[in-house]
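Fold and geometry: a report
Take a look at the letters that make up each chain.
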Amino acid sequence: MKVFVSGGTGFVGRHLVRRLLEDGHSPRLLVRKNSLHRIPPDVRDRVEVVEGDPYDLAALLEGISGCDAVINLIGIIRDFPKKGITFERVHFEATKNIADAAREKGVLRFLQMSALGVDWDELTEYFRSKWKADQYLIDHDFVYTIFRPSVIFGEGDGFTTTIEKLIRQSPVLIIPGRGEYPLQPVSVRDVVRGFSRALTLEASQKRIYQVTGPETYTYREVVRMVASAMGKRKLALHLPLRLIIPFVIVLERFPFFPLTYDQLYMLTKGSVGDNRAFREDFGGDLEDFPSYLEKRFGGR
Ligand SMILES: NC(=O)c1ccc[n+]([C@@H]2O[C@H](COP(=O)([O-])OP(=O)(O)OC[C@H]3O[C@@H](n4cnc5c(N)ncnc54)[C@H](OP(=O)(O)O)[C@@H]3O)[C@@H](O)[C@H]2O)c1
């Protein structure tokens, strides 16, 4: 199939493009001018590239023309309103623009990357904007498949890499609050396998999947697991949330500060779901987080 991919230069996108090629599909990537260098060298000659962004209707129409399906992965974890980078614009408006262009070109098959926990009445704009984007596809009669994953791990991820950096940089393991927030990390390998398979799987049409890994761990356990895989033995320091929150609220306005209140909220809310439908429809064993850590840090 010829597949229009937006967000193909990111962590998940790079894995997805390789998987699509392996499965015999032909990806056509929408890439911003300044991100052309982020297309991995090993796939550059095997994909079509349309230069542009999701706010450029001409690029969208050119990119989607002749495609059989769209996969949209565009997303951000942090907004910068002063620079015009808001969740509403990147999650909702981008999805709407791509969807409208797809409809104009008669392409209604739309695979959408959402996130576990999205809802209209959620406290954070991250979740609300993703919910609105999903709902737009549902309300406008697209043949959608929506994936709502927990945190995703794999080569080039932000999840393990951020924890790894914190462990390397600090003499102690800093844990916000009690750290008992449940997470069900899922492998990027399984996420992209699902997307690629969904293209031809009729059962996945008009379905929303919770995409989670095989096991649940608390955040505290995850930090311990990463530290132990790295061969680091450090004491844990639990910082009470009532002390961290005001600090984060003041400092989050500075881009150099690594955490926002929304991110802290999303962490403490946890991220677990029911992966039965995903497993039934997409099969295969789900990779577990400890196996990945072993591969990643096995040689340390
Ligand atoms: N990673 C996770 O743990 C996780 C968990 C749940 C859901 N998700 C969702 O999965 C998707 C992919 O995540 P990821 O981890 O691969 O993120 P990522 O590495 O940050 O990649 C994000 C992608 O979105 C594009 N993008 C961001 N802002 C854009 C904008 N304003 N206009 C056009 N393109 C823009 C980026 O393009 P450039 O290369 O041009 O910057 C990149 O291709 C996102 O929707 C995310 O919310 C991720």
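My aim in this report is to walk through the structure given alongside it, one point at a time.

1. Looking at the overall build of the protein chain
- In terms of regular secondary structure, the protein chain is built from 12 helices and 13 strands.
- At 19 Å, the protein chain has a C-alpha radius of gyration in line with the 19 Å of a compact globule built from 300 residues.
- C-alpha atoms of the protein chain, sized along the principal axes, occupy 55 × 40 × 35 Å.
- Burial status across the protein chain gives 39% buried among its 300 residues.
- Sequence-distant contacts, at least 24 apart, represent 77% of the contacts inside the protein chain between residues at least 6 apart.

2. Points about the site of the ligand
- Surrounding the ligand, one finds 24 residues, the nearest of these being T9, G10, V12, S35 and G75.
- Contributing elements (two or more residues each) for the shell around the ligand: α1 (11–22) and α4 (87–104).
- Of the residues forming the shell around the ligand, the biggest block, three residues, is contributed by α1.

3. A word on unusual backbone geometry
- Of note, D141 is a non-glycine position whose phi angle comes to about 60 degrees, a positive value.
- Among the secondary structure elements, D141 is positioned in the loop between α5 (125–139) and β6 (143–149).
- On the basis of neighbour counts, which here come to 10 C-beta atoms within 10 Å, the residue D141 falls in the exposed class.
- Its identity is not glycine, yet K206 carries a phi of approximately 60 degrees, on the positive side.

4. Looking at the sheet that holds strand β11 (residues 207–211)
- Judged by pairing direction, the sheet is parallel, and its seven strands sit side by side in the order β3-β2-β1-β4-β5-β6-β11 without closing on themselves. Both edges of this open sheet fall to β3 (48–51) and β11, since each of them pairs with a single strand only. Put simply, the sheet's adjacent strands are angled 20 degrees from each other on average, direction ignored.
- Across the face of the sheet, helix α7 (residues 188–198) comes into contact with β4 (69–72), β5 (109–113), β6 and β11 while running at roughly 170 degrees to β6.

5. Overview of α7
- Burial of α7 is extensive: nine of the 11 residues sit out of reach of the surface.
- Within α7 the residues assigned to the buried category are V188, D190, V191, V192, R193, G194, F195, S196 and A198.

6. Brief notes about the nonpolar core
- Among the nonpolar cores identified, the biggest contains 67 residues, and L16, V70, I71 and V191 are the most heavily contacted of them.
- Here the element with the most residues in this core is α4; it accounts for seven residues.
- Sequence-distant contacts of V70, defined by excluding residues within four places in its chain, comprise F4, I64, I98, A102, V107, F110 and L111.

7. Here's the deal with the packing of α4 against α5
- Following both chains from N to C, one finds α4 and α5 inclined at 10 degrees, their axes separated by 8 Å at the closest point. The angle between α4 and α5 places the two elements in the roughly parallel class. For the pair α4 and α5, contact is made by F87, E88, H91, F92, T95, K96 and A99 and by E125, Y126, S129, K130, K132, A133, Y136 and L137, respectively.
- In terms of residue class, the contact of α4 with α5 is made up of seven nonpolar, three polar and five charged.

8. A word on α4
- When the terminal C-alpha atoms of α4 are compared, their 25 Å separation across 18 residues agrees well with the 26 Å that a helix rising 1.5 Å per residue should span.
- Of all the bends in α4, the greatest, near 30 degrees, is centred on E93.
- All of the buried residues along α4 are F87, V90, H91, F92, A94, T95, I98, A99, A101 and A102.
- Where α4 ends, the next residue or the one after it, G106, has phi of about 75 degrees, a positive value.

9. Points about the packing of helix α6 (residues 159–169) against helix α8 (residues 219–229)
- Across the interface, α6 lies against α8 with an axial gap of 10 Å and an inter-helix angle of 70 degrees. In terms of orientation, α6 and α8 fall into the roughly perpendicular class. Of the residues in α8, those touching α6 at T160, I163, E164 and I167 are V222, V223, V226 and A227.

Cut-offs applied
- Residues numbered from 1 in each chain as written.
- Predicted model: local features only at pLDDT ≥ 70, side-chain atom pairs only at ≥ 80, totals over all residues.
- Helix = DSSP H or I, 4+ residues; strand = E, 2+ residues; numbered from the N terminus.
- Rg over C-alpha atoms; globule rule 2.2 N^0.38 Å.
- Buried ≥ 20, exposed ≤ 12 C-beta atoms within 10 Å, placed from the backbone.
- Contact = placed C-beta atoms within 7 Å.
- Near = placed C-beta within 6 Å.
- Pairing = 2+ DSSP bridges.
- Axes fitted to C-alpha atoms, helices over the stretch in contact; angles between N-to-C directions.
- Core = buried A, V, L, I, M, F, W, Y, C linked by C-beta atoms within 7 Å.
- Parallel < 35°, antiparallel > 145°, perpendicular 65-115°, else oblique.
- Nonpolar A, V, L, I, M, F, W, Y, C, P; charged D, E, K, R; others polar.
- Expected span 1.5 Å × (residues − 1).
- Bend = angle between axes of the 7 residues up to and from the residue.

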